[in-house]
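This is what each chain is made of:
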Amino acid sequence: MLRSSTDPRWLPQALASFDRVLVDHAHCEKKAASSAISLLAAFPGHSLLVQRMARLAQEEIGHFRQVYDRLLARGGCLGRDPGDPYARGLRALVRHSQEETRLTDLLLVSALIEARSHERLDLLARGLADRELADFYAGLARAESGHARLFVDLAKEYADPAAVDARLAELAAAEADLLARLPIAPRIH
Ligand SMILES: [Fe+2]
Ligand SMILES: [Fe+2]
């Protein structure tokens, strides 16, 4: 689904400032939960979407709790969310003219964010020297692995599958472009 691989300079930076990554990661899990709730609130008549998003919100807030507990155990604190230029850049691509295309885009943007998060959690799992922490990240990466597909499948429930694939190709190219323009930083994205 992704059109690019993470720059090899990212992992050493992330490992060197791992506590900053952990804070950003906690914010990401919190936002994954809250965006699932926003989606079910925005499309209350779409029963399958409501069911899937309710389950996802619960799973993501569970991830938040796990990451947050780690953060506290390491003496960190969450702090205010500084915002996420990556997610903001992707959301700016959502078409708002019609409900159907808006839903397609919202779901596909979420799919791409999930795919990128999964890629990076997996890189952390492989790169962390602390065995226990590496296992923790491997578990989270596994948990995230189906989420990108979940969003694409949902998009295809509510729109023509061929149109969804075509739009996904456009948005995936835009995602790769956006990531290449953003500075490499110790964050999930
Ligand atoms: Fe998650
Ligand atoms: Fe996820």
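Right above here is the structure, for reference.
Calculation rules
- Residues numbered from 1 in each chain as written.
- Chains lettered and ligands numbered in written order.
- Predicted model: local features only at pLDDT ≥ 70, side-chain atom pairs only at ≥ 80, totals over all residues.
- Heavy atoms only, no water.
- Donors = N, O, S within 2.8 Å, 3.2 Å for Na, K, Ca; no water.
- Helix = DSSP H or I, 4+ residues; strand = E, 2+ residues; numbered from the N terminus.
- Buried < 20%, exposed > 50% of the residue type's maximum accessible area, 1.4 Å probe, protein only.
- Core = buried A, V, L, I, M, F, W, Y, C linked by side-chain atoms within 4.5 Å.
- Contact = heavy atoms within 4.5 Å.
- Tetrahedral: all angles 85-135°; square planar, octahedral: opposite > 155°, others 65-115°.
- Salt bridge = Lys/Arg side-chain N within 4 Å of Asp/Glu carboxyl O.
- Lys, Arg positive; Asp, Glu negative; His and termini not counted.

Colleague: Tell me about the coordination of the iron ion (ligand 2), and please be specific about residues and values.
Modeller: The protein atoms that coordinate the iron ion (ligand 2) are E60 (OE), E114 (OE), E114 (OE), E144 (OE) and H147 (ND1), at distances spanning 1.9 to 2.5 Å. Every donor residue of the iron ion (ligand 2) comes from the same chain, spaced as E-x53-E-x29-E-x2-H. Between the iron ion (ligand 2) and the iron ion (ligand 1), the interatomic distance is 3.6 Å, and E60 donates to each metal, bridging them. Within this pair, whereas E60 is found in helix α3 (residues 47-73), its partner E144 is found in helix α6 (residues 131-144), the two being separated by 84 residues in sequence. Given the relative accessible area of 0%, E60 is considered buried.

Colleague: Requested: an account of the nonpolar core, with residues and values cited.
Modeller: With 31 residues, the main nonpolar core has L39, L49, M53, L107, L108 and F151 as its most contacted residues. Contributions of two or more residues to this core are made by α2 (18-42), α3, α4 (85-91), α5 (99-127), α7 (147-158) and α8 (161-181). In terms of residue count, α5 provides more of this core than any other element does, 8 residues in total. Beyond its immediate stretch of four places on either side in the chain, M53 contacts A36, L39, L40, L150, F151 and L154.

Colleague: Just give me the short version of the coordination of the iron ion (ligand 1), but keep the residues and values in it.
Modeller: The coordination sphere of the iron ion (ligand 1), as far as protein atoms go, consists of E29 (OE), E60 (OE), H63 (ND1) and E144 (OE), spread over 1.8 to 2.2 Å. For the iron ion (ligand 1), the 4 donor atoms in the first shell make angles of 94 to 133° at the metal, a pattern classed as tetrahedral.

Colleague: Before we move on, could you go through the pattern of salt bridges and cite the residues and values that matter?
Modeller: Counted by the stated rule, this structure contains 15 salt bridges. D19 is the salt-bridge partner of R74, the closest N and O atoms lying 2.8 Å from each other. You can see R74 sitting in the loop between α3 and α4 and its partner D19 sitting in helix α2, a full 55 residues away along the chain. Ionic pairing is found between D105 and R167, a salt bridge with its closest N-O pair at 2.9 Å. On the criterion of sequence distance, the pair formed by D105 in helix α5 and R167 in helix α8 is long-range, its members being 62 residues apart. Residue D105 is classed as buried on the basis of its relative accessible area of 0%.

Colleague: For the side chain of E114, give the residues involved together with the corresponding values.
Modeller: Looking at the secondary structure, you find E114 in helix α5. No salt bridge forms around the buried E114; measuring N to O, its nearest opposite-charge neighbour R91 is 9.1 Å away. Non-local contacts of E114, meaning those with residues more than four positions away in its chain, are made with E60, E144, H147, A148 and F151.

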